[in-house]
Structure formats: structure tokens, C-alpha cells
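Tertiary structure, described
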Amino acid sequence: MASISLQKGQKVDLTKTNPGLTNLIVGLGWDTNKYDGGGDFDLDSSVFLLGANGKVTAPEDFVFYNNTKGAGGAVEHSGDNLTGAGDGDDETSKVALNQIPASIERVAFTVTIHDAEARRQNFGMVSNAFIRVVNADTKEEIVRYDLGEDFSIETAVVVGEIYRHGAEWKFNAIGAGYQGGLSALCNDYGLDVN
């Protein structure tokens, strides 16, 4: 089956059209423009496990390179990729849909620029950013969302999310940019960070 390519704001079914789909790999990738500012870029992907109110219930629901497992191991982050070099996914997360606790309704995937303010970097200097959802068992890409060049001054982007719809799971291509980096995201998702 061919991968479905999404536009910003589009939602697509994951499990209903792919019966038996339980294990996903969510890949995020990007390229950076070395000529902007000259400094190294370090983009980080993070995953927020959200309840019905759109907030995390505990710090453990924030999955990133320093806390690589969440939802009792149902979501696992690949760790930090410092370079973003090469083609393909730069950072990935494994998601076992059937192991996600019922209290978690949405799994949001985000990318932030580490130390963006000090390095004077933003997503206007990032190109070819994408998120893709892969069936971990068959290695088949199910959904892909290319962000395009929508951002200029933002330092954080909510790329997409997997969410419950009745008994099924769907994917939403969000593409929402934030100023204020990771702390702005954390605050929005109910995590207290200073």
C-alpha cells in the first residue's frame, strides 16, 4: 500500500485501514542550512503523552533524550542525534499502540532547536523537515507529512500527533510553530519548567 502524503491540518486513519497495526516507528527528519549563523545545529525531537485535557499527567509523560521511555515502555525514543546528517530519519520513536494506557489519548511529536536563542537559530534555517509513520513489523511507510517552508522565527514545532478516535488510532498533521522553544511547549502541555 502506498504511503499517504498529508498536508497541514489533515487527519488520517491509522489502525482502521491497517488492521493488526500495533507497532509503529515515528521518524522525524530535517536538514539545516550551515550558512545561517555558522554555528552547529542540534535539533531535538520530544514526545508528549497527553490525557483528555491535552496535558501531561506527570513528568514521565515527556519523552526525550534524557527520558527515553514513557507510557510504561509503550513509547521509546531513539536518543539524541547531534548532527542531523544524511538522508532519512534523524530521530525516531517506537510506539506500541496496544500498550498505551487508556488515560493517554494523544501522543504529540515535536521538534525543538537546542540553545536556539544563544545560537540565534530558528526554523527558518531548517528545510526538508518531515514526520513519517512506519509499520514497525513490515517497515512500510503508512503516512508522511512534509512541513514545507512554513516557519521563520519559531524555535519549536509540534509536527504531528497520534490520537485515539473511539477504538481506533488516527494521525493529525499539525505543523504548529512556537516561539520560546522547548519551555514554551512544556508549559503548553502542562509541564512546569523554568
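For the structure itself, look to the data block above.
Everything in this summary refers to the structure shown in the same document. These numbers come from a predicted model, not from an experiment.

How each quantity is defined
- Every chain is numbered independently, its residues counted from 1 as its sequence is written.
- Given that the model is predicted, a residue must reach a pLDDT of at least 70 before its local features are reported, and side-chain atom pairs must reach 80 or more before they are shown or counted; all residues, however, enter totals for whole chains, interfaces and linings.
- With hydrogens and water excluded, all non-hydrogen atoms of the structure serve as input to the side-chain values.
- Within this document, salt bridges are pairs made up of a side-chain nitrogen of Lys or Arg and a carboxyl oxygen of Asp or Glu, the two lying within 4 Å of each other.
- Only DSSP runs of H or I reaching four residues or more are called helices, and only runs of E reaching two or more are called strands; each is numbered from the N terminus.
- Under the scheme applied here, a residue whose accessible area is under 20% of the maximum for its type counts as buried, over 50% as exposed, and between as partly exposed, the area being computed with a 1.4 Å probe on protein chains only.
- Contacts between residues were defined by any pair of non-hydrogen atoms, one from each residue, lying within 4.5 Å.
- Two strands are counted as paired when DSSP detects at least two bridges linking them.

**Regarding the pattern of salt bridges**
- Scanning all chains against the criterion turns up 5 salt bridges.
- Between Arg106 and Glu161 there is a salt bridge, and its shortest N-O distance comes to 2.9 Å. You can see Arg106 sitting in strand 9 (residues 106-113) and its partner Glu161 sitting in strand 12 (residues 156-165), a full 55 residues away along the chain.
- Here Glu141 makes a salt bridge to Arg144, at a shortest N to O gap of 3.9 Å.
- For Arg144, a relative accessible area of 23% gives the class partly exposed.
- Through salt bridges with shared partners, a single network forms among Asp89, Arg132, Glu141, Arg144 and Asp146.

**Examining unusual backbone geometry**
- The phi angle at Ala71 is positive, at roughly 55°, despite the residue not being glycine.
- Along the polypeptide, Ala71 turns up in the loop between strand 6 (69-70) and strand 7 (75-77).
- Despite not being glycine, Lys139 has its phi angle at roughly 65°, a positive value.
- The topology assignment puts Lys139 in the loop between strand 10 (126-135) and strand 11 (140-146).

**Considering the environment of Gly180**
- Note that Gly180 resides in the loop between strand 13 (168-178) and helix 2 (181-188).
- Along the primary structure Gly180 and Trp169 are separated by 11 residues, whereas in three dimensions their C-alpha atoms are 30 Å apart.

**Thoughts on the environment of Ile174**
- On the secondary structure map, Ile174 appears in strand 13.
- Between the C-alpha atom of Ile174 and that of Lys8, which follows or precedes it by 166 residues, the distance is 5.8 Å.
- Beyond its immediate sequence surroundings of up to four residues, Ile174 is in contact with Lys8, Tyr145, Val158, Val159, Gly160 and Glu161.

**A word on the pairing of strand 12**
- Most of strand 12 sits out of view: 8 of its 10 residues are buried.
- Bridge count for strand 9 against strand 12 is 7 bridges, and the pairing is antiparallel. Each residue of the ladder has a partner; that of Val107, found in strand 12, is Ile162.
- When strand 12 meets strand 13, the two strands line up antiparallel, connected through 9 bridges. Paired with Glu161 across the strands is Asn172, a residue of strand 13.
- Connecting strand 12 to the antiparallel partner strand 13 that follows it, the hairpin turn spans 2 residues, and Gly166 within it adopts a positive phi of roughly 65°.

**Overview of the sheet that holds strand 1 (residues 4-6)**
- Taken together, the 7 strands give an open sheet; going across it, the order is 1-11-10-3-8-7-6, and neighbouring strands pair in mixed fashion. If you trace the sheet from one side to the other, it starts and ends with strand 1 and strand 6, each paired once.
- Relative to strand 11, strand 10 is paired through 6 bridges, and the arrangement is antiparallel. Looking across to strand 11, one finds that Arg132 is bridged to Arg144.

**Side note on the sheet that holds strand 9**
- Read from one edge of the open sheet, 6 strands run 2-13-12-9-4-5, paired in antiparallel fashion. On the outer flanks of this sheet lie strand 2 (11-13) and strand 5 (62-63), each paired with one strand and no other.
- Taken together, the 3 bridges between strand 2 and strand 13 define a ladder with antiparallel strand orientation. Note that in strand 13 the partner of Val12 across the bridge is Phe171.

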